[in-house]
Every structure is written in structure tokens, then in C-alpha cells.
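A look at the structure
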Amino acid sequence: MTVHFIGAGPGDPELITVRGLRLIESCQVCLYAGSLVPEAVVASAPADARVIDTASLTLDEILAEITAAHDKGMDVARVHSGDPSLYGAIAEQIRRLKVLGIDYDITPGVSAYAAAAAALGIELTIPEVSQSLILTRTAMKSSAMPKGEELTSLGRTGATLAIHLSVRNLRQIERDLTPFYGAECPVIIAYRVGWPDEAYIHTDLAHMHKAAQAQKITRTALIFVGKSLVQDIDFRDSALYDADHVHVLRPKKDNAKQK
């Protein structure tokens with residue numbers, strides 16, 4: 001028996017991977033985080049499958065369901081939102097599975113930051129503007145940030161930031177990042193990415209709190225901060241397709257032979 005950790009994507013049922021969908025279709029037990037994964041994603045589970053929304057369950061209760069399935073020789077589809085490697089809380093489940101001797105594997109999914117960039121029609125890494133994307137969060141009621149990973153440290157890089165799980169902490173984000181990015185630095189608040197009611201608020205560091213407040217956004221939002229978010233600025237083309245950029249797949253042309 002195997003527990004299949006499956007990344008369901010950010011909300012749009014069509015953004016799940018082919019492998020993830022096939023696993024859901026084949027597993028006799030399906031455990032999904034209903035607060036973040038729509039029922040449509042797990043609707044393809046077998047008609048007689050045990051399908052459980054784990055949003056209200058504790059870790060022990062989830063492991064009890066997995067253990068019961070294991071005792072019956074049933075495979076489990078453990079469906080998480082986005083990609084399970086990022087804020088998926090799978091590490092603590094895997095730790096328990098190893099102790100229990102229960103096999104598992106992981107199927108990646110589309111992360112919210114990637115789906116949001118696609119919906120916005122932008123690239124997050126712009127030549128000579130920003131070549132780094134930092135995925136992070138802030139500490140509120142959840143676990144503390146490790147030393148050196150606070151926004152006051154990450155902000156020194158000037159990289160594009162994708163800040164998860166922090167829409168209720170916008171005032172602190174503004175205080176921490178303004179010294180490095182400036183009050184007018186572009187911000188995009190991506191709300192419920194991939195869901196029918198998704199929304200994207202274009203603002204800046206100085207006004208993002210009021211913008212979120214006006215739209216009554218208090219959860220399920222991703223905050224982008226960085227100069228690369230505005231792409232009507234002048235920037236150089238990448239070297240990738242530059243005619244003068246020579247590499248192993250596009251060697252230097254011999255003009256003499258061409259003539």
C-alpha cells in the first residue's frame with residue numbers, strides 16, 4: 001500500500017497533473033484539504049471510494065484514516081493544494097509514516113505563484129531587473145521564522161518576493177520592506193488563485209493594506225512584491241534568443257560559407 005501525496009494545484013481542477021488525476025481515479029481512499037482543494041478536484045475518485053475532507057481533522061485523526069486504509073491494503077490519495085513541497089505540512093505526515101513503515105510517494109503540483117503569474121500574463125524573472133524569486137511567509141500565529149529569514153533580512157536582496165500566508169500582516173510587511181524597496185514598489189495581491197472568484201489587486205507597498213481592506217481580503221491570498229511586476233518598463237532582451245549569443249545548440253555562423 002502507498003500513500004500518494006498529490007499536489008492539486010491552486011484551485012482550478014484543470015491545473016492538476018495527469019499523474020495526480022490518475023492516482024485520484026485509482027485510490028480507494030481520498031483525503032483532501034477541503035478548505036483549499038475544491039471538491040471538483042476529487043470528484044474523479046472511484047464511486048465507492050472513502051472521500052474525506054480533512055480540514056477539520058487533526059494530524060492524529062488523519063494518520064488514523066491512513067493506518068486504517070493500510071490495514072485493509074488500500075491505497076490513499078492524500079490531496080494537498082498547490083505543490084505539497086511548499087507549506088504543505090507533509091513533512092510531519094511523512095515522519096509519522098516512516099515510523100509506521102508505510103510507503104509513500106509525492107506527485108508535484110502547480111504552485112499558486114506560478115498560476116498567478118500565468119493569469120497575470122507576466123514573467124517573474126526579468127533581465128537586469130530581477131533574476132531571483134523568494135518564496136516566503138511571515139510569522140503570525142504560526143511557527144516563528146528561522147533567524148535570517150525575516151523580511152528585514154530577505155528584503156536586502158531586492159529580489160521579487162512571493163509572500164504566502166501573510167495577508168493579515170500587511171502593515172508589518174510594509175514596515176519591513178519599505179526601507180529596501182521604497183513605498184512605491186509594485187505589489188500584487190493575488191486572491192484565491194485558480195478559483196472562480198480569483199482576483200488580482202495591483203497596488204504598492206504604501207497602499208496595499210488599504211487595498212486589501214477595501215476588498216475585505218483576509219485569507220487565501222499571495223502577495224507579490226518587486227520591480228519585475230511592472231513589465232512595461234524598458235529592459236534588455238535575454239541572451240537566450242539573441243543572434244549574437246553563441247552556445248552548443250546554436251554555434252557561430254560562418255558568414256563566408258553562407259555566401
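Residues numbered from 1 in each chain as written. Predicted model: local features only at pLDDT ≥ 70, side-chain atom pairs only at ≥ 80, totals over all residues. Heavy atoms only, no water.

**Concerning the UniProt feature "domain: Tetrapyrrole methylase" (unreviewed entry) in the chain**
The UniProt record annotates "domain: Tetrapyrrole methylase" (unreviewed entry) at residues 2-207. Along residues 2-207 one finds 30% helix and 22% strand; the C-alpha atoms at either end are 48 Å apart. (UniProt positions renumbered as here; feature names shortened; annotations may be inferred. Helix = DSSP H or I, 4+ residues; strand = E, 2+ residues; numbered from the N terminus.)

**Some details on the sheet that holds strand 1 (residues 2-7)**
Pairing within the open sheet is parallel, and its five strands lie in the order 3-2-4-1-5. Lying at the two open borders of the sheet, with one neighbouring strand each, are strand 3 (50-53) and strand 5 (103-107). With direction set aside, neighbouring strand axes in the sheet form an average angle of 15 degrees. Where strand 1 meets strand 4 (residues 76-80), five bridges bridge the pair, whose relative direction is parallel. Its bridge partner lying in strand 4, Val 3 is registered against Val 76. In the packing of helix 3 (residues 59-71) onto the sheet, contacts are made with strand 1, strand 2 (29-32), strand 3 and strand 4, and the angle to strand 2 comes to roughly 165 degrees. (Pairing = 2+ DSSP bridges. Axes fitted to C-alpha atoms, helices over the stretch in contact; angles between N-to-C directions. Contact = heavy atoms within 4.5 Å.)

**Things to note about the domain arrangement of the chain**
Taken as a whole, the chain is organised into domain 1 (3-107) and domain 2 (112-229). The interface is formed by ten residues belonging to domain 1 together with twelve residues belonging to domain 2. For the pair domain 1 and domain 2, the summed buried area comes to about 820 Å², and 70% of that belongs to carbon and sulfur atoms. Counting the contacts that link domain 1 with domain 2 gives zero salt bridges. (Domains from an automatic or database assignment. Buried area = accessible area lost by both parts, 1.4 Å probe. Salt bridge = Lys/Arg side-chain N within 4 Å of Asp/Glu carboxyl O.)

**A word on the environment of Ala 112**
Along the chain, Ala 112 turns up in helix 5 (residues 112-120). The exposure class assigned to Ala 112 is partly exposed, which follows from its relative accessible area of 22%. Taking the C-alpha atoms as reference, Ala 112 lies 19 Å from Leu 170; in sequence the two are 58 residues apart. In this view, Ala 112 contacts Pro 10, Val 193 and Leu 222; residues no more than four positions away in its chain are not counted. (Buried < 20%, exposed > 50% of the residue type's maximum accessible area, 1.4 Å probe, protein only.)

**Some thoughts on the packing of helix 3 against helix 4 (residues 90-100)**
Between helix 3 and helix 4, the least distance of the axes is 11 Å, while the angle of their chain directions is 45 degrees. With respect to their mutual orientation, helix 3 and helix 4 come out oblique. Here helix 3 and helix 4 pass one another in a crossing that is right-handed. Contacts between helix 3 and helix 4 involve Leu 59, Asp 60, Ile 62, Leu 63, Ile 66 and Thr 67 from the former and Glu 92, Gln 93, Arg 96, Leu 97 and Leu 100 from the latter. Across the contact of helix 3 with helix 4, the residue classes break down as six nonpolar, two polar and three charged. (Parallel < 35°, antiparallel > 145°, perpendicular 65-115°, else oblique. Left-handed = near helix turned anticlockwise from the far one by under 90°. Nonpolar A, V, L, I, M, F, W, Y, C, P; charged D, E, K, R; others polar.)

**As for the layout of surface pockets**
Taken as a whole, the largest pocket encloses approximately 1,300 Å³ of empty space. Along its surface, the largest pocket is lined by 39 residues, and Ser 35, Leu 36, Ser 81, Tyr 87 and Leu 165 are the ones closest to its centre. Secondary-structure elements contributing two or more residues to the lining of the largest pocket are helix 3, strand 4, helix 4 and strand 10 (221-225). In the lining of the largest pocket, the residues fall into 19 nonpolar, 13 polar and seven charged. (1 Å grid on protein atoms, 1.4 Å probe; cavity = no way out; pocket = protein on both sides within 12 Å on 5 of 7 lines; lining within 4 Å. Points joined across faces, edges and corners; volume = space filled by probe spheres on them.)

**Describing the pairing of strand 2**
Across the two faces of strand 2 the burial is the same, with Val 29 and Leu 31 and Cys 30 and Tyr 32 all buried. As defined by bridge partners, strand 2 adjoins strand 3 across four bridges and the pair is classed as parallel. Each bridged residue has a counterpart across the sheet, and for Cys 30 the counterpart in strand 3 is Val 51. Relative to strand 4, strand 2 is paired through four bridges, and the arrangement is parallel.

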